[in-house]
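Analysis of the macromolecular model
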Amino acid sequence: MAFHDEVEIEDFEFDEESETYYWPCPCGDRFQITKEELESGEDTARCPSCSLIVRVIYDKDAFMEKESSLKQKTSPAMEKTT
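Below is a short write-up of the structure. Note that the coordinates shown come from a computational prediction; the quantities given were computed from them, not determined experimentally. (Residues numbered from 1 in each chain as written. Predicted model: local features only at pLDDT ≥ 70, side-chain atom pairs only at ≥ 80, totals over all residues. Heavy atoms only, no water.)

**Concerning the overall build of the chain**
Let me state the cut-off plainly: Starting at the N terminus, helices and strands are each numbered in turn, a helix being any DSSP run of H or I of at least four residues and a strand any DSSP run of E of at least two. Between buried and exposed lies partly exposed: a residue is buried under 20% and exposed over 50% of the maximum accessible area for its type, with that area taken using a 1.4 Å probe on protein chains only. Residue contacts are counted whenever heavy atoms from the two residues lie within 4.5 Å of one another. Using the Shrake-Rupley algorithm and a 1.4 Å probe, accessible areas are obtained, with residue cover drawn only from the displayed protein chains.
Check the secondary structure of the chain and you find two helices and six strands. When its helices and strands are written in sequence order, the chain yields β-β-β-β-α-β-β-α. The buried share of the chain, taken over its 82 residues, is 24%. In the chain, of all internal contacts separated by at least 6 residues, the share reaching a separation of at least 24 is 35%. Accessible surface for the chain amounts to roughly 6,000 Å². Of this, 45% is attributable to carbon and sulfur atoms.

**Some remarks on the state of the cysteines**
What counts, and what does not: Two cysteine sulfur atoms form a disulfide, by the criterion used here, when they sit within 2.5 Å.
Following the criterion strictly, the structure yields zero disulfides and no others. Residue Cys27 stays outside any disulfide, its sulfur separated by 3.6 Å from that of Cys47, the closest cysteine. In this structure Cys27 comes out as partly exposed when scored by relative accessible area, which is 42%.

**Section: the side chain of Thr44**
Note the cut-off: Contacts described as polar in this section are N or O atom pairs within 3.5 Å, which, within protein, must combine one atom able to donate a hydrogen with one able to accept it, while residues neighboring in sequence count only if both atoms come from side chains.
Within the secondary structure, Thr44 sits in strand β5 (residues 44-46). Among the polar contacts listed, one links the side chain of Thr44 to the side chain of Asp43, at a separation of 3.4 Å. When sequence neighbours within four positions are dropped, the list of residues in contact with Thr44 reads Met1, Phe3, Ile33, Ile53 and Val54.

**Remarks on the nonpolar core**
One broad rule of soluble globular proteins: the nonpolar side chains tend to lie buried together. Filter applied, for reference: Take the buried residues of types Ala, Val, Leu, Ile, Met, Phe, Trp, Tyr and Cys, join any two whose side-chain atoms come within 4.5 Å, and each joined set is a nonpolar core.
Within the largest apolar cluster, 14 residues are counted, with the highest numbers of intra-cluster contacts made by Ile9, Phe12, Tyr21, Leu38, Ala45 and Val56. Of all the elements in the fold, those that place two or more residues in this core are β4 (30-34) and β6 (53-57).

Next comes the structure, spelled out in structure tokens:
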């Protein structure tokens, strides 16, 4: 598989509503990969308009830890009641 480029996850734009990471594609569209795909170990972001793909550079373990800690911080069960 030939990758157009390798891009670090920190350089992608994250859309919280769709839980999808985006990176500009030379064709004018955007490469995309979902948070769910990353959590399952996927590292290939695809452009829906052309055949180009990029490899997403990220540490899966660190990504999972970060997502887990964010969920704990925002979980209603974690809020203190008075």
